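# Secondary and tertiary structure notes
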Amino acid sequence: MSAAPLWLPEEGWGMLPTLAAGLLARRWRLATAESCTGGLVAAACTARAGSSDWFERGWVTYSNAAKTAELGVPPELIAEHGAVSAPVACAMAAAAAARAGVQVALAITGIAGPTGATPGKPVGTVWFGFAVAGQVQAECRHFDGDRAAVRAQAAAYALAGIVQRLAGLG
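A brief look at the structure comes next. (Residues numbered from 1 in each chain as written. Predicted model: local features only at pLDDT ≥ 70, side-chain atom pairs only at ≥ 80, totals over all residues. Heavy atoms only, no water.)

## Re the environment of Ala 89
How we decide: Only runs of H or I of at least four residues qualify as helices and only runs of E of at least two qualify as strands under DSSP, and these elements are numbered from the N terminus. Only heavy atoms matter for contacts: two residues are in contact if any of them lie within 4.5 Å across the pair.
Structurally, the position occupied by Ala 89 is in helix H5 (residues 86-100). Measuring from C-alpha to C-alpha, the distance between Ala 89 and Ala 47 comes to 25 Å, with 42 residues separating the pair along the chain. Once residues within four sequence positions are removed from consideration, Ala 89 is found in contact with Ala 107, Thr 109, Trp 127, Phe 128 and Gly 129.

Structure, rendered in structure tokens:
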């Protein structure tokens, strides 16, 4: 790939060949469910030639209503924990895997800023849901910088998280 577009850090672009190889080796496919990143991960994946062999689909479920309507995240789960939470990230990832019929899915939900912070959830708080081979895990990270920086770091972290999990399978 020539010069990387600015919307993803260089390390994010560097993850794509490893991600593609890991999925192709298993004949698995990836789906994404993105909120605060607005489809950056799906765009990065599909920027790679040959991604149709391992990337299935992506959802941008930015609003709470979209998370419920498109992925089936229970509204009471969002009301109880907030959209930016481990339970919602896990529900998004599990639903993306199930609805797309894939072995690997990731979800991203967070607060990119500059507004939207709540007590205990500052700008830069991002929850990730990783569904790999039926196992669903959540991770939280806090990223610094402006809105673009938070979104870019979150997208790169999500790609790295999938690569790490695939490598852990042996």
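## A word on the packing of aromatic side chains
The line we're drawing: Each aromatic pair joins two rings of Phe, Tyr and Trp (for Trp, the six-membered one) with centres within 6.5 Å, and gets the label stacked for planes under 30 degrees apart, edge-to-face for over 60, and tilted for any other angle. Each residue is placed in one exposure class: buried if its accessible area under a 1.4 Å probe, protein chains only, is under 20% of its type's maximum, exposed if it is over 50%, and partly exposed if it falls in between. A ring has a charge above it when a Lys NZ or an Arg CZ is no more than 6 Å from the ring centre and no more than 35 degrees off the ring normal.
Across all of its chains, the model carries 4 aromatic pairs by this definition. Judged by centre distance (6.1 Å) and plane angle (10°), the rings of Phe 128 and Phe 130 are stacked. The residues Phe 128 and Phe 130 share a single accessibility class, namely buried. A centroid spacing of 4.9 Å and a plane angle of 50° characterise the contact between Phe 128 and Tyr 157, whose relative ring orientation is tilted. On the criterion of sequence distance, the pair formed by Phe 128 in strand S4 (residues 125-132) and Tyr 157 in helix H6 (residues 147-168) is long-range, its members being 29 residues apart. Over the aromatic face of Trp 28 sits the side chain of Arg 26, whose NZ or CZ is 5.7 Å from the ring centroid.

## Side note on the state of the cysteines
Under the convention used in this document: Counting rule for disulfides: a pair of cysteine sulfur atoms within 2.5 Å.
Scanning the model with the defined rule gives 0 disulfides in all. Between Cys 36, a cysteine without a disulfide, and Cys 140, which holds the nearest cysteine sulfur, the sulfur-to-sulfur distance is 11 Å. Accessibility expressed as a relative area gives 23% for Cys 140, which makes it partly exposed.

## A short note on the side chain of Thr 37
Short version of the rule: Under this definition, polar contacts are N or O atom pairs within 3.5 Å; protein pairs additionally need one hydrogen-donor-capable and one acceptor-capable atom, and for neighbouring residues in sequence, both atoms have to be side-chain atoms.
If you trace the backbone, Thr 37 turns up in the loop between strand S1 (30-34) and helix H2 (40-47). Taking the relative accessible area as the measure of exposure, Thr 37 reaches 0% and is therefore buried. Polar side-chain contacts of Thr 37 include one of 2.6 Å to the side chain of Glu 34. Leave out the neighbours within four places in its chain, and Thr 37 touches Ile 108, Arg 151, Ala 154 and Ala 155.

## Here we look at the environment of Thr 61
Secondary-structure assignment places Thr 61 in the loop between strand S2 (55-60) and helix H3 (64-71). Between the alpha carbons of Thr 61 and Ser 51 there is a distance of 22 Å; along the sequence they are 10 residues apart. For Thr 61, the contacting residues outside a window of four places in its chain are Glu 34, Ser 35, Ala 66, Lys 67, Glu 70, Leu 71 and Met 92.

## Notes on H6
The condition is simple: Expected helix span is taken as 1.5 Å per residue step, with the number of steps being one fewer than the number of residues.
For H6, built from 22 residues, the straight-helix expectation of 32 Å at 1.5 Å per residue is met to within 8% by its first-to-last C-alpha distance of 31 Å. Taken together, the buried positions of H6 are occupied by Val 150, Ala 152, Ala 154, Ala 155, Ala 156, Ala 158, Leu 159, Gly 161, Ile 162, Val 163, Arg 165 and Leu 166.

## What to know about the pairing of S2
The two faces of a sheet get side chains in turn, since along a regular strand they alternate between them. We apply this condition: DSSP calls a pair of strands paired once it identifies at least 2 bridges connecting them. When the strands point away from the viewer and the path from the first strand over the helix to the second turns clockwise, the crossover is right-handed.
Direction of pairing for S1 relative to S2: parallel, over a ladder of 5 bridges. Its bridge partner lying in S2, Ala 31 is registered against Arg 57. You can see the chain leave S1, run along H2 and come back into S2, and the turn it takes is right-handed.

## Remarks on unusual backbone geometry
Following Gly 113, the chain continues to Pro 114 via a peptide bond in cis, the omega torsion being 5°. With respect to the helices and strands, the residue Pro 114 is situated in the loop between strand S3 (104-110) and S4. A positive phi angle, close to 50°, is found at Ala 133, a residue other than glycine. Locating Ala 133 in the fold gives a position in the loop between S4 and strand S5 (135-142). The class for Ala 133 is partly exposed, based on a relative accessible area of 44%.

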